[in-house]
Amino acid sequence: MIFVISILFVPLARFNMIILMIQSMTGFGKVTTELATKKVTIEIKALNSKQLDLFARISPVYREKEMEIRSFLSQKIERGKVELTITAESIGKNIDSKINASVVESYMKQIVDIARTANIECPTDWFSTLLRLPDVIKSEMEEVDETEWTLVMTAIEEAIGRLQEFRRQEGAMLYKLFVQKTAKISELLKQIEPYEKERIEKIKSRIQENLQNLTEIQVDYNRFEQEMIYYIEKIDINEEKSRLDNHLKYFVKTLEGDCGQGKKLGFIAQEIGREINTLGSKSNHAEMQQIVVRMKDELEQIKEQILNVL
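Rules behind the numbers
- Residues numbered from 1 in each chain as written.
- Predicted model: local features only at pLDDT ≥ 70, side-chain atom pairs only at ≥ 80, totals over all residues.
- Heavy atoms only, no water.
- pLDDT = per-residue confidence, 0-100.
- Contact = heavy atoms within 4.5 Å.
- Helix = DSSP H or I, 4+ residues; strand = E, 2+ residues; numbered from the N terminus.
- Polar contact = N/O pair within 3.5 Å; in protein donor to acceptor, adjacent residues only side chain to side chain.
- Core = buried A, V, L, I, M, F, W, Y, C linked by side-chain atoms within 4.5 Å.
- Buried < 20%, exposed > 50% of the residue type's maximum accessible area, 1.4 Å probe, protein only.
- Phe/Tyr/Trp six-rings, centres within 6.5 Å; stacked < 30°, edge-to-face > 60°.
- Expected span 1.5 Å × (residues − 1).
- Arc of directions from axis to C-beta.
- Salt bridge = Lys/Arg side-chain N within 4 Å of Asp/Glu carboxyl O.
- Patch = residues over 30% accessible without salt bridge, like charges linked within 9 Å, V, L, I, M, F, W, Y side chains within 5 Å.
- Areas by Shrake-Rupley, 256 points an atom, 1.4 Å probe, with all protein chains shown as cover.

J.: Kindly report on the confidence of the model for the protein, identifying the contributing residues and their values.
T.: Scored by pLDDT, the protein has a mean of 80; 78% of the residues are at 70 or more. When the criterion is pLDDT under 50, residues 1-20 qualifies, and its contacts beyond four places in sequence or with other chains add up to 25 contacts.

Structure follows, in structure tokens:
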């Protein structure tokens, strides 16, 4: 296990050798493969999302395979807003295109009827008008055989691999950021210690001075000491410091766990925030409150980036 402080002094060469398990949800992978009659390009883009949100743009020649492609991607890719694009460009052998005569005749009849009803002239350039209408041109697409489909699926898997490698690289940068930020919060936590005793003494002195100014009231100093102990216990921050330190260590330990720790890291960050907020509410000391504000700033940067962790 690698502790927060020790990581900061690991030489860069050794740091790069550490196996970083967290991954970013942001990624990109692209593969182009040439088949006998076409060039196929697969692009996969991913952004952060609470669950897997898959959008696919697939060339018509492979559209019948969409469900198989979606099933394959859902097995390989965890959370993220994923956009898959598969394009096929014909090379070598030409694909026959034919004019769909029955569709043309139907369009012509409808245009004539509409022109007669609306008492307007029919278009003079019939062919340029008709050829732009949907389904007038139909292409005879060749069927996808098993050999070709195997090659396409191999290309899709390679594109996924490149996406995941991109995510690992982004995850490595996030790992370093999180380690630096948690170490900074730990350092700020230690800066609170010198002010703790001073804070208690100031509070006791202020209360005693106020009591002395109340000359007409008899003070039971035994009861006063009991109340003082009770009050000091209420503003004691040792438990919060201990829990915050444990949460920070657990956060770093979780970073080194299996992939897919984003949600768990988010929950731990929430607990870290609770302890920091309690420190701020109990501190009653200007310098300590300034340190708490700096802690919150470091934590906010962690929370922003956790949203992008897989």
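J.: Which residues make up the side chain of Ser24, and what are the values?
T.: Within the fold, Ser24 resides in the loop between helix 2 (12-15) and strand 1 (27-34). One polar contact links Ser24 to Asn308, side chain to side chain, over a distance of 3.0 Å. Not counting chain neighbours up to four residues away, the residues in contact with Ser24 comprise Arg167, Glu170, Gly171, Leu174, Asn308 and Leu310.

J.: Can you break down the nonpolar core residue by residue, with the values?
T.: One recurring pattern in soluble globular proteins is that nonpolar side chains are buried together. In this structure, Phe178, Phe251 and Met295 are the most contacted members of the largest nonpolar core, which totals 28 residues. Mapped onto this core, the elements with two or more residues apiece are helix 6 (146-213), helix 8 (238-255), helix 9 (262-283) and helix 10 (286-306). Looking at this core element by element, the count peaks at eight residues for helix 6. Those residues in contact with Phe178, other than ones at most four positions away along the chain, are Ile22, Phe251, Leu255, Ile302, Gln305, Ile306 and Val309.

J.: Go over the packing of aromatic side chains with me, naming the residues and quoting the values.
T.: In the structure shown here, the tally under the stated rule is two aromatic pairs. Considering the side-chain rings of Tyr62 and Trp149, the 5.9 Å spacing of their centres and the 40 degrees angle between planes classify their relative orientation as tilted. Note that Tyr62 is positioned in the loop between strand 3 (52-58) and helix 3 (66-76) and Trp149 in helix 6, a separation of 87 residues in sequence. Between Phe178 and Phe251, the ring centres sit 5.7 Å apart and the planes meet at 85 degrees, which makes this aromatic pair edge-to-face. Residue Phe178 is found in helix 6, and its partner Phe251 is found in helix 8; the two are separated by 73 residues along the sequence. Of the two residues examined, Phe178 and Phe251, each falls in the buried class.

J.: Now, about helix 4 (residues 101-118): what can you tell me, with residues and values included?
T.: Helix length check: helix 4, at 18 residues, gives a terminal C-alpha distance of 26 Å against a target of 26 Å (1.5 Å per residue), a fit within 8%. When we look at burial in helix 4, the residues that qualify are Val103, Val104 and Ala115. Burial along helix 4 is one-sided: seen end-on, the buried residues are contained in an arc of 100 degrees. With respect to the buried face of helix 4, the exposed residues turned more than 90 degrees away are Glu105, Lys109, Arg116 and Thr117.

J.: An account of the pattern of salt bridges is requested, with residue identities and associated values reported.
T.: Oppositely charged side chains may form a pair once their charged atoms are brought near each other. Overall, the coordinates contain 18 salt bridges when judged by the stated rule. The shortest N-O distance in the salt bridge between Arg70 and Glu66 comes to 3.0 Å. Of this pair, Arg70 and Glu66 both sit in helix 3, four residues apart, roughly one helical turn. Here Glu66 falls in the partly exposed class, since its relative accessible area comes to 23%. Between Lys282 and Glu240 there is a salt bridge; the shortest N-O distance is 3.0 Å. Here the residue Lys282 occupies a position in helix 9, and Glu240 occupies one in helix 8, the gap between them amounting to 42 residues. Given a relative accessible area of 5%, Glu240 falls into the buried group. Members of the salt-bridge network, linked through shared partners, are Glu239, Glu240, Arg243, Glu275 and Lys282.

J.: Explain a nonpolar patch on the surface to me, and be specific about the residues and the numbers.
T.: Taken together, the side chains of Ile99, Phe127 and Leu131 define a hydrophobic patch exposed on the protein surface, amounting to about 330 Å² of accessible area. Position of Ile99 among the secondary structure elements: in strand 5 (residues 97-99). On the basis of relative accessibility, which here comes to 52%, the residue Ile99 falls in the exposed class.

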